[in-house]
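Coordinates in review
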Amino acid sequence: MTSLTQDPDGGYATVPLAKDLWTLGVVQSRVHPTPDPAGMKANLDHMLHLIDNSFHVGFGPSPDLLFFHEFPISGWDRWTKAETERRCIEIPGEETEQIAAKARQYGCHIAFGAYVRDPDWPGHVLSITTLIGPDGEIVAKHWKARNVKGVFSGFELFTTTVYDVLDEYVEKYGQDAVVPVARTPLGNITMSSTQLEPELFRAAAIKGAEVFLRTASGSFTEIDVRASALHNRVYCAVANNSILSAETNYFEDTGAGGSAIYGPDGTAIATADSKFEKLILGQIPMAAFRARHRQPDIHWDLYRPVFERYRSRFEPNLYTPYQPTGLEDAGNYLADRSRWR
């Protein structure tokens, strides 16, 4: 088991920067549910087309990191687990190889979310955000940390998160991987599709994350994203979907728009001014930022007794013995497992 890469004196581990100042590009694109698994090719082709477009806009700097939302390849719908499994990709796999070719072509990093199947986790559907480097190599694969539970009416999410198999995850990858931070030549990056979990991003900042890449699909809470930048004094971007295709089972404007990049003071550096497909660009002065940045200054001794007595509503590891077959089955499985009264 690896130890935590965490410095107790306020500093944090880094690798040398490739650039003092670099450009982050956030792609607000469609999240189109594929009518069948074969439709994933059309979605992937569209994603590759948007990568090309991002370097042919004709004005401003080219992105050093291009960031897509949660499900650009598969889309999302109320599929069963079996239907979702047919829309999973593998990492590495055919889809990542084509994206990697674009990363090499343009000399940039590319980050995106996807449903993933992993032979090390048979029977599980994973939600992973992947970062590919300019050499086409996979830099990081960050699992979703947790799904919300007890929120939806009549169903629960069935994708397996870190929390759902926590003990087995730690046994495989070590405690340090639970809150992952990729130390790259652009800066320390953490990626997540988790919403409304400030403790997760606080922990990542303590471990030295300097840039949060947060994926969304079907809306997010703007103040949550801004606050994670402000409270941790870091850069935070959110990539959300554009308006949906009219042929889907949802209205075209279903939680669309709002993709943005926020600075360490919580102020927007760039925001999407429409709900259509759009590229927004923001510059990250990482060298100047790093010269003065430290871990969040938390008066932990004030709060430790409260957190030590806290018990989460649902215990971890619930998907270790059983993987639900769909949204409704997940709802039934979790219905009586709350530890709260």
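Coordinates for the structure precede this section.
Attention here is on the structure that accompanies the text. Remember, it's a predicted structure, so these values are computed and weren't measured experimentally. Each chain carries its own residue numbering, running from 1 in the direction its sequence is written. Only residues with pLDDT of 70 or above have their local features reported here, since the model is predicted, and side-chain atom pairs are shown and tallied only from 80 upward, although totals for entire chains, interfaces and linings are computed over all residues. Hydrogen atoms and water are omitted, and side-chain values are computed over all heavy atoms in the structure.

**Some points on the environment of Asp329**
Our working rule: The secondary structure listing takes helices from DSSP runs of H or I that are at least 4 residues long and strands from runs of E that are at least 2 residues long, numbered from the N terminus. Contacts: residue pairs with any heavy atoms within 4.5 Å of one another. Polar contact criterion, stated in full: a pair of N or O atoms within 3.5 Å, where within protein one must be able to donate a hydrogen and the other to accept it, and residues adjacent in sequence count only if both atoms are side-chain atoms.
Along the polypeptide, Asp329 turns up in helix H9 (residues 327-334). When the C-alpha atoms of Asp329 and His109 are compared, they prove to be 38 Å apart, with 220 residues separating the residues in sequence. The residues contacting Asp329, other than those within four sequence positions of it, are Tyr322 and Pro324. At 2.9 Å, the side chain of Asp329 and the backbone nitrogen of Thr325 are in polar contact.

**Digging into the packing of aromatic side chains**
To keep it simple, the criterion reads: In this analysis, rings of Phe, Tyr and Trp, with Trp reduced to its six-membered ring, are considered paired at centre separations within 6.5 Å, and the interplanar angle assigns stacked below 30 degrees, edge-to-face beyond 60, and tilted for intermediate values. Each residue is placed in one exposure class: buried if its accessible area under a 1.4 Å probe, protein chains only, is under 20% of its type's maximum, exposed if it is over 50%, and partly exposed if it falls in between.
Following the criterion strictly, the structure yields 13 aromatic pairs and no others. Centroid distance Phe55 to Tyr106: 4.2 Å. Interplanar angle 0°. Geometry classified as stacked. A residue pair is termed long-range when its members are at least 10 positions apart, and Phe55 in the loop between helix H1 (40-54) and strand S2 (65-67) and Tyr106 in helix H3 (residues 94-106) qualify at 51 residues. Side by side, Phe55 and Tyr106 carry an identical accessibility label, which is buried. Summarising the aromatic geometry, the rings of Tyr322 and Tyr333 are spaced 5.0 Å apart at their centres and angled 50° between planes, so their arrangement reads as tilted.

**Description of the nonpolar core**
To keep things clear, this is the line we draw: Note on terminology: a nonpolar core comprises buried Ala, Val, Leu, Ile, Met, Phe, Trp, Tyr and Cys residues joined through side-chain atoms within 4.5 Å.
In this structure, Phe68, Ile99 and Phe112 are the most contacted members of the largest nonpolar core, which totals 61 residues. If you tally residues by element for this core, the top one is H1, at six residues. When neighbours within four sequence positions are excluded, Ile99 is seen to be in contact with Leu44, Met47, Leu48, Ile73, Ile110, Phe112 and Ile132. Listed in part, the 25 residues of the second largest apolar core include Ala239, Ile261, Ala270 and Phe289.

**What to know about the pattern of salt bridges**
Formally: By definition, a salt bridge exists where a carboxyl oxygen of Asp or Glu is found within 4 Å of a side-chain nitrogen of Lys or Arg.
This structure, assessed with the given rule, holds 15 salt bridges. Between Asp224 and Arg214 there is a salt bridge; the shortest N-O distance is 2.6 Å. Here Asp224 is found in helix H6 (residues 222-232), whereas its partner Arg214 is found in strand S8 (residues 211-215), with ten residues between them in sequence. Arg214 carries the same exposure label as Asp224, and that label is buried. Residues Asp273 and Lys278 are paired through a salt bridge, measuring 3.3 Å at the closest nitrogen-oxygen approach. Relative accessible area serves as the criterion here: at 64%, Asp273 is assigned to the exposed category.

**Points about the layout of surface pockets**
Selection rule: Buriedness for pockets is judged along seven lines, at least five of which must meet protein on both sides within 12 Å for an open set on the 1 Å grid over protein atoms alone, while cavities are sets there where a 1.4 Å probe fits but cannot get out, and lining residues have an atom within 4 Å of a point. Grid points are joined across faces, edges and corners, and a volume is the space filled by probe spheres set on the points. When residues are grouped by polarity, Ala, Val, Leu, Ile, Met, Phe, Trp, Tyr, Cys and Pro land in nonpolar, Asp, Glu, Lys and Arg in charged, and all others, Gly among them, in polar.
Approximately 1700 Å³ is the volume found for the largest pocket. Going through the elements one at a time, helix H5 (198-206), H6 and helix H8 (300-309) are the ones with two or more residues in the lining of the largest pocket. At six residues, H5 tops the list of elements feeding residues into the lining of the largest pocket. In terms of residue class, the lining of the largest pocket is built from 23 nonpolar, eight polar and eleven charged.

**Regarding unusual backbone geometry**
The linkage connecting Ile91 with the following residue, Pro92, adopts the cis geometry, with an omega of 0°. Assignment of secondary structure puts Pro92 in the loop between helix H2 (81-85) and H3. If you check the backbone angles, Arg233 has positive phi at about 55° while not being a glycine. Assessed through its relative accessible area of 46%, Arg233 is described here as partly exposed. One non-glycine residue, Asn317, lies in the positive phi region at around 70°. Mapping Asn317 onto the fold places it in the loop between H8 and H9. Its relative accessible area of 17% is what places Asn317 among the buried residues.

**With respect to the sheet that holds strand S3 (residues 109-116)**
Under the convention used in this document: A pair of strands is labelled paired if DSSP reports no fewer than 2 bridges between them. Whenever a helix is involved, its axis is fitted only over the stretch in contact; in every case the axis is a line through C-alpha atoms, and angles between N-to-C directions fall within 0 to 180 degrees.
Reading across from one edge, S5-S4-S3-S2-S1-S12 is the order of the six strands in this open sheet, with mixed pairing throughout. Strands with a single pairing partner mark the edges of an open sheet, and in this sheet they are strand S5 (138-143) and strand S12 (278-284). Put simply, the sheet's adjacent strands are angled 25° from each other on average, direction ignored. Two strands pair when backbone bridges link them, and strand S4 (residues 126-132) and S5 are joined in this way by five bridges, in the antiparallel orientation. Among the inter-strand pairings, Ile132 is bridged to a residue of S5, identified as Ile138.

**Quick word on the side chain of Arg146**
Inspection of the secondary structure puts Arg146 in the loop between S5 and helix H4 (166-173). Of the polar contacts made by the side chain of Arg146, one reaches the backbone oxygen of Gln195; its length is 2.5 Å. Separated by 3.3 Å, the side chain of Arg146 and the backbone oxygen of Leu196 make a polar contact. Once residues within four sequence positions are removed from consideration, Arg146 is found in contact with Thr161, Tyr163, Thr194, Gln195, Leu196 and Glu197.

So far we have only geometry, and geometry alone does not tell us how the molecule works.
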